[in-house]
Amino acid sequence: VQLQASGGGLVQAGGSLRLSCAASGRTFSNYAMGWFRQAPGKEREFVASINRSGGNTEYADSVKGRFTISRENAKNTVYLQMNSLKPEDTAVYYCAADRTTWASMASTRPGHYDYWGQGTQVTVSS
C-alpha cells in the first residue's frame, strides 16, 4: 500500500491542524493505521492508532485529549485532528499501515507497521 500524508504546516501554539493520509494500492479496510512523529535528534514516537473498523483507538499520553484519530474507509483516508498544539508537538509526522489479522488491533509499536508514508512537517511556534 502507498501512503501520502498531507496537512502539515506552521501554526501558533494553541492552534489546530488536521493531517490526512491517503492510501492506495490495497484494500484500506484491511489495515490498522497509525500516526508517529519524529523531532530533530529524537527517536520516532507513537502518537495515535486506529483499528481497521475505526472502533478502537489508542493515544500517547502526551496527546490525549488534544488529538483525535479517525478514518473513512470509503475514502481510503485516515486523519489526525490536532488541537491545542504546543511547541513540543513540532516534528515530522508519519502515517503507517499495519496489515494485522486482529480486527481490534491498533498497535502502538512502530515495528508492527508494514508501510510508511513520507511524512509531513508540523511546526508549532511559541
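Predicted, not measured: the structure shown is a model, and the values here were computed from it.

Remarks on the overall build of the chain
So, step 1. Per the secondary structure count, the chain includes 0 helices and 11 strands.
So, step 2. Tracing the chain from N to C terminus, the helices and strands come up as β-β-β-β-β-β-β-β-β-β-β.
So, step 3. Compactness check: the chain gives a C-alpha radius of gyration of 13 Å against a globular reference of 14 Å for 126 residues, within 12% of the reference.
So, step 4. By its C-alpha atoms, the chain is 40 × 25 × 25 Å across when sized along the principal axes.
So, step 5. Counting across all 126 residues of the chain, residues that qualify as buried make up 44%.
So, step 6. In the chain, the share of contacts with a sequence separation of at least 24, taken over all contacts with a separation of at least 6, comes to 59%.
So, step 7. Total accessible area on the chain is roughly 6300 Å²; 44% of this is exposed by carbon and sulfur atoms.
So, step 8. Mean positive and mean negative side-chain charge positions of the chain (13 and 9 charges, respectively) differ by 5 Å.

Digging into the packing of aromatic side chains
So, step 1. Counting across every chain of the model gives 5 aromatic pairs.
So, step 2. A centroid spacing of 6.0 Å and a plane angle of 75° characterise the contact between Y31 and Y115, whose relative ring orientation is edge-to-face. Placement of the pair is Y31 in the loop between β3 (17–24) and β4 (32–38) and Y115 in strand β10 (residues 115–116), with a sequence separation of 84 residues.
So, step 3. Judged by centre distance (5.7 Å) and plane angle (70°), the rings of F36 and F46 are edge-to-face. Pair noted here: F36 is in strand β4 and F46 is in strand β5 (residues 45–50), with a separation of 10 residues, a long-range link. Each member of the pair F36 and F46 is classed as buried.
So, step 4. Three or more aromatic residues link up through ring pairs in this structure, and these residues are F36, F46, Y113 and W116.
So, step 5. Taking NZ or CZ as reference, R44 lies 4.0 Å from the ring centre of Y94, over its face.
So, step 6. Directly above the aromatic system of F28 lies the positively charged group of R71, at a separation of 4.4 Å from the ring centroid.

Cut-offs applied
Residues numbered from 1 in each chain as written. Predicted model: local features only at pLDDT ≥ 70, side-chain atom pairs only at ≥ 80, totals over all residues. Heavy atoms only, no water. Helix = DSSP H or I, 4+ residues; strand = E, 2+ residues; numbered from the N terminus. Rg over C-alpha atoms; globule rule 2.2 N^0.38 Å. Buried < 20%, exposed > 50% of the residue type's maximum accessible area, 1.4 Å probe, protein only. Contact = heavy atoms within 4.5 Å. Areas by Shrake-Rupley, 256 points an atom, 1.4 Å probe, with all protein chains shown as cover. Lys, Arg positive; Asp, Glu negative; His and termini not counted. Charge placed at Lys NZ, Arg CZ, Asp CG, Glu CD. Phe/Tyr/Trp six-rings, centres within 6.5 Å; stacked < 30°, edge-to-face > 60°. Lys NZ or Arg CZ within 6 Å of the ring centre and 35° of its normal.

Any functional reading would require information beyond the geometric quantities listed.
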